[in-house]
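Chain by chain, the residues:
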2 protein chains.
Amino acid sequence: MASNAVMEETLQVLKDHKLRVTPQRHIILAYLVSHHNHPTVETIRDALSKELPNIGSSTIYNTLNTFVDHHLVVELQNGDGSTHYDYFGSPHYHAICTNCGRIVDVTYPGFSDTEKSLEEKTAEISGYMISGNHMEVYGLCPECQIKLGIKND
Amino acid sequence: MASNAVMEETLQVLKDHKLRVTPQRHIILAYLVSHHNHPTVETIRDALSKELPNIGSSTIYNTLNTFVDHHLVVELQNGDGSTHYDYFGSPHYHAICTNCGRIVDVTYPGFSDTEKSLEEKTAEISGYMISGNHMEVYGLCPECQIKLGIKND
DNA sequence: TTATTACATTGGAATGGTTCTCACTTACTA
DNA sequence: TAGTAAGTGAGAACCATTCCAATGTAATAA
Ligand SMILES: [Mn+2]
Ligand SMILES: [Mn+2]
Ligand SMILES: [Zn+2]
Ligand SMILES: [Zn+2]
């Protein structure tokens, strides 16, 4: 379960965004902030079964959609048919395994500049008024490389 | 309908990928090569209703999934609930309107270098064996900027 | 050409993630 | 503390996509 510090932090995040503070929202956001596992709705429901035994999946969907609208959370697809969610506290992008679906965070010094440059060029070329971007890189995760006999050891 | 040149080109593409040449595959691929409208399955079905009046949507899904497996086609989501498909003949990325869903192609000199650099850095950091990437930029298209009163004229 | 056969196509049923509905509850405001 | 707009939860509904089994056909070799 989420630490006291996380509970305080997430409470403040909800207030800053003028979102009504319900136990469900608070607990879900705290879970996302303290886990980087890119969970599905089902994963979240299972993980919170102690704290919120009676939560409906509608509520989880509603909550996550609200967070997405407020740009607190991003949605990810890894090809398994369901949507994965990720608290977007600091800029990063994702490497997604085409074999097992594993999603890992990636960033590097200068990544924000790459992003900014991409957005500026895009605005110039397309005339769009840019509000965000997503980058994803696909490939085989280390475990799957071994499993498939592509990499030894 | 697709030109003779496109029909010849797509025939060769199918053969190069050792795909069995059926009228359905040939016509769908020719449609994708000669249109950059990022269609859904329904859009494709409607557009080809003259040439393939009895095609089943299963066939369109099967065909597109096969093309995706062969990296001829990429899938895109624009938030409207259905998957959009795009023949990926030359490297580009997409600007997607968050208001109306419009998807436009974007590229610029040096884009391939940006891509390559992103993939190399990702491989180094994550240990993934990289096979591809997707970049998307979100914002308001010029038409929606006007419609929403953000841009005049 | 013709026969063989593995693969593709169809259309209808099944699937399953997500949204919708509505009665009930609750968080905020004054 | 009361009033009210907003959130919750259970289940139904939705609908894009996949699955299935019967039928059709493209590729290959004799
Ligand atoms: Mn992440
Ligand atoms: Mn495109
Ligand atoms: Zn993997
Ligand atoms: Zn638009």
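Right, let's walk through the structure included here.

Rules used in this analysis
Residues numbered from 1 in each chain as written. Chains lettered and ligands numbered in written order. Predicted model: local features only at pLDDT ≥ 70, side-chain atom pairs only at ≥ 80, totals over all residues. Heavy atoms only, no water. Salt bridge = Lys/Arg side-chain N within 4 Å of Asp/Glu carboxyl O. Helix = DSSP H or I, 4+ residues; strand = E, 2+ residues; numbered from the N terminus. Buried < 20%, exposed > 50% of the residue type's maximum accessible area, 1.4 Å probe, protein only. Least-squares fit on C-alpha atoms with pLDDT ≥ 70 in both. Contact = heavy atoms within 4.5 Å.

Residues and elements named next belong to chain A. Tallying each qualifying case throughout the model produces four salt bridges over all chains. Linking R45 and E42 is a salt bridge whose minimum nitrogen-to-oxygen distance equals 3.7 Å. Here the residue R45 and the residue E42 both occupy positions in helix 3 (residues 41–47), the gap between them amounting to three residues, near one helical turn. Given a relative accessible area of 43%, E42 falls into the partly exposed group. Among the salt bridges present, the one from E143 reaches R102, with a minimum N-O distance of 3.9 Å. Of this pair, E143 sits in helix 6 (residues 142–147) while R102 sits in the loop between strand 3 (93–97) and strand 4 (103–106), and the two are 41 residues apart along the sequence. For E143, a relative accessible area of 41% gives the class partly exposed.

On to the relation of the copies chain B and chain A. The pair of chain copies shares a relation made of a rotation about an axis and a shift along it. The two copies are related by a screw operation: chain B maps onto chain A through 180° of rotation and 0.0 Å of translation along the axis, at an RMSD of 0.0 Å. Such a combination of rotation and displacement between the chain copies is what one expects of a two-fold axis. Considering only C-alpha atoms, the part of chain B nearest the rotation axis is M135(B), at 2.2 Å. Comparing interface residues between copies, 100% of those in chain B also lie at the interface in chain A; the contact surface is shared.

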